[in-house]
Amino acid sequence: MPKPLGVLASASCGALVLLATAAAAQQPIRGYPSDALPERARLEAALRASPDTARLRQYLSFMSAEPHHAGSARSLAVAQYALARFREWGLDARIDTLQALMPTPVTRRVEMVAPTRYVLQLREPAIPQDSDSRDAGQLPTFNAYSPDGDVTGDLVYVNYGIPADYAELARLGVDVRGKIVIARYGGSWRGIKPKVAAEHGAIGCLIYSDPRDDGYWTDDVYPNGPMRPEQGVQRGSVMDMPTYPGDPLTPGWGNRPGARMLPRESVTTIERIPVLPISYGDALPLLRALSGPMAPLDSWKGALAVPYHLGPGPARVHLALRFDWQVRPLYDVIVTIPGSTDGDQWVMHGNHHDAWVNGAHDPLSGAIALMETARAFAELQRGGWHPRRTIVLALWDGEEWGLLGSTEWAEANADALRTHAVAYFNSDTNGKGALGASGSHTLETFFREIARDSHDPVNGHDEIAESIDRGLERARTEADSSRIRRLPWRIGALGSGSDYTVFIDHLGIASADMRHGGAQEAGVYHSIYDSYQFYTRFYDDGFKYAAAQSGAMATALLRLADAPVLPFSFTDAAATQRRYVREIDSLARRTLRDTLDLTAVTGAVEVLAAAGARYDSALVAATARGSAWLDAHRAQLTAINRDVYLSERDLTDDHGLPRRPWYRHTIYAPGFYTGYGVKTMPGIREAVEQKDAAEAREQSAVVATAILRMAARADAAARDLMALR
């Protein structure tokens, strides 16, 4: 058994900690005085040394052994397994049970009825080399929140099925009204495809995985290689999450047993037309039977041996779907590590535990890393450490269906979270590749320092250098290479697609998603082939990246939980917002006849930049006074830090975005037609894209006001810090 962190008895572990301590102590950490760095380095080195690859392997072996979709008995078993480990380590842990509408398929039938007859298989075959592919209890291939339907119509190929594709079809005179469309996965989130198809009058939608996107065009297919085999299918939700995620029946409030629920017929996030995912093996006869115009561009052509005609017909398809529309339980596992001095300020980290099938990569590669992070903190507690702020860890249920467990829990606890949550850190999948992050740009410097002090587990490079190296390998032009060297390790903006959504977009809590990956092409996403064997063969054979993920996230949680002065950077936020304004201004000049006046937004960003500079100066001055001085002013710093983290709330607007009030953040949101993909300053940007000048002007005022609120709070924090004597 591994030695407890509080003891650190082995010579090899002790040597590792000493080396890491010496290296880390040379680097400043934002929000900490220099005299605190040696102890910081000791604690962080202990956390990074703690993850045990044997334990990680054990967790994954058990949790991925059987299918465990949300609402199933096996999902509860996985939650109980994690709960037992947390309690075994002495942590305060519980299962919080919520519920949501989760329809499962009863009838799935697709057949081509003309010009010849073909009945689609709609089944992923077991692979002899992977025993998990034969497991009982697999959910069939389907798209969650498709409506029931029984329709027959001529088939039309619509490429990726995004708005630009329908504009091209209209140019060619191809009409989808009364037709069934077939779209390929990619180009946007899957839920956009039936949404846009219905808007154009289609009566049904099929989504297939073309081998150009994640099949044999890239590499050998599983089991010979990592790509999607001929009958592999991507399951997934098509809930209209850009309107709101979470339980469709309880928008804006948590669904605990006994909660008020909307009638299903009034729900707006269930798709309007039946939709089903299929394999490229099943798609091939359908596409081969199409005639009509040829695909207009090479980008419309996949890798199948067909000419990619558009139709309509003569392929004619019958699609029949029926679902069991039940409200089913969700099992969120919540761990609380109480804070010693500022316990009413919460630093949070979550990863989901539910999967469409076995889910070794998605999501268990991230869930097992969270479990080792929890154990590392338990070991530190036994050694006498306690965090300054409370740390909350969560394993969410129901993420795959539409961020159900996290959204329902956060909505049920919204008032407490708005008051107490400092930040929410998310992870999901994890595997070989560099460490990357997206999130609130007030946290950009914070996460850059985490990357600076984290190391690739194979070659030992710090994660910034590793990211640069991997970026240069993919760069196609000298301009790309120059940009990568000039702007190393920037964090991206958050749209949607994982459990951070409710925290940042609805509640205005500073958030980030951080994980390793990007070095392995794979085609088993949301299929029965996302198994323990696949993961250990292709993603992380020695569980080195799972251990690195655990150490990096533990370091981030530790730093934010213990920081005497919260290390938010308003100058980073302003610099990023300045770039967004330039992008929107350029777009408006191309799109709107009358130039959009963004002076108010630009002015607000500059006010924030000036306030951020004052906060930076005050933070540096305060931390320069040393640990004893900061401890003597702990009560005042508690109030100042509250102002700092509440600043993200200032970027929200109570009215929400136009036509989707659940989304309240004025700087980040998923696009209405991009699904997961982010739209920055979304109220302005999407109005410009829709050529609605009046709405763009109205939203510019909303955004400017929100940024000025953040600037005022940053100024207050700076002033109060400087006033301390």
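Residues numbered from 1 in each chain as written. Predicted model: local features only at pLDDT ≥ 70, side-chain atom pairs only at ≥ 80, totals over all residues. Heavy atoms only, no water.

### Here we look at the sheet that holds strand S6 (residues 180-184)
For step 1, the next point in the chain: In spatial order, the strands read S3-S2-S10-S5-S6-S7-S9; together these seven strands make up an open sheet with mixed pairing. The sheet is open, and its two borders are formed by strand S3 (118-119) and strand S9 (275-278), each paired with just one other strand.
For step 2, the next point in the chain: Where strand S5 (residues 149-157) lies against strand S10 (residues 316-324), six bridges are found, and the strand directions are antiparallel. By the bridge assignment, Asp154 is partnered in S10 with Arg316.
For step 3, the next point in the chain: Of the strands in this sheet, S6, strand S7 (204-208) and S9 touch helix H6 (residues 192-199), which is tilted by about 150° from S7. (Pairing = 2+ DSSP bridges. Helix = DSSP H or I, 4+ residues; strand = E, 2+ residues; numbered from the N terminus. Contact = heavy atoms within 4.5 Å. Axes fitted to C-alpha atoms, helices over the stretch in contact; angles between N-to-C directions.)

### Quick look at the environment of Gly603
For step 1, the next point in the chain: Structurally, Gly603 is set in helix H20 (residues 599-624).
For step 2, the next point in the chain: Relative accessible area serves as the criterion here: at 33%, Gly603 is assigned to the partly exposed category. (Buried < 20%, exposed > 50% of the residue type's maximum accessible area, 1.4 Å probe, protein only.)

### With respect to helix H19 (residues 570-591)
For step 1, the next point in the chain: Taking 1.5 Å of rise per residue, 22 residues should cover 32 Å, and H19 covers 31 Å from first to last C-alpha, within 8% of that figure.
For step 2, the next point in the chain: All of the buried residues in H19 are Phe570, Asp572, Ala573, Ala574, Thr576, Gln577, Tyr580, Val581, Ile584, Asp585, Leu587 and Ala588. (Expected span 1.5 Å × (residues − 1).)

### What to know about the sheet that holds strand S15 (residues 433-439)
For step 1, the next point in the chain: The sheet built from seven strands is open, its strands ordered S1-S11-S13-S12-S14-S16-S15 with mixed pairing. Of all the strands in the sheet, just strand S1 (92-101) and S15 have a single pairing partner and so form its edges. Sheet twist, expressed as the mean angle between neighbouring strand axes with direction ignored, is 20°.
For step 2, the next point in the chain: Sheet topology note: the strand S14 (residues 421-426)/strand S16 (residues 511-518) ladder contains three bridges and is parallel. In the strand pairing of S16, Phe425 is matched with Ala512.
For step 3, the next point in the chain: Along the sheet, helix H9 (residues 360-382) makes contact with strand S11 (327-337), strand S12 (342-352) and strand S13 (389-396), crossing S12 at roughly 150°.

### Let's talk about the environment of Pro670
For step 1, the next point in the chain: Topologically, Pro670 is positioned in strand S17 (residues 668-670).
For step 2, the next point in the chain: Sequence-wise, Pro670 and Thr501 are 169 residues apart; in three dimensions their C-alpha atoms are separated by 9.0 Å.
For step 3, the next point in the chain: Look past the residues within four positions of Pro670 in its chain and what remains in contact with it is Gly495, Ser496, Asp505, Arg660, Tyr663, Gly675, Tyr676, Gly677, Val678 and Lys679.

### Observations concerning unusual backbone geometry
For step 1, the next point in the chain: Of note, the bond from Tyr222 into Pro223 is cis; its omega dihedral lies within 30 degrees of zero at 15°.
For step 2, the next point in the chain: Positive phi is not limited to glycine here, since Leu122 has a value of about 55°.
For step 3, the next point in the chain: In this fold, Leu122 is placed in the loop between S3 and strand S4 (143-144).
For step 4, the next point in the chain: Its relative accessible area of 7% is what places Leu122 among the buried residues.

### A short note on the packing of H9 against helix H17 (residues 532-539)
For step 1, the next point in the chain: Where H9 meets H17, the axes come as close as 10 Å, and the angle between the chain directions of the two elements is 75°. By the angle between their directions, the pair H9 and H17 is classed as roughly perpendicular. Contacts between H9 and H17 involve Ala360, His361 and Ser365 on the former and, on the latter, Tyr532, Tyr535 and Tyr539. (Parallel < 35°, antiparallel > 145°, perpendicular 65-115°, else oblique.)

### A look at the pattern of salt bridges
For step 1, the next point in the chain: Applying the stated criterion across every chain yields a total of 43 salt bridges.
For step 2, the next point in the chain: Here Arg375 and Glu379 are joined by a salt bridge, their closest N and O atoms 3.2 Å apart. Placement of both Arg375 and Glu379 in helix H9 is noted, with a separation of four residues, approximately one turn of the helix.
For step 3, the next point in the chain: Judged by its relative accessible area of 1%, Arg375 is buried.
For step 4, the next point in the chain: The class of Glu379 is buried, set by a relative accessible area of 5%. (Salt bridge = Lys/Arg side-chain N within 4 Å of Asp/Glu carboxyl O.)

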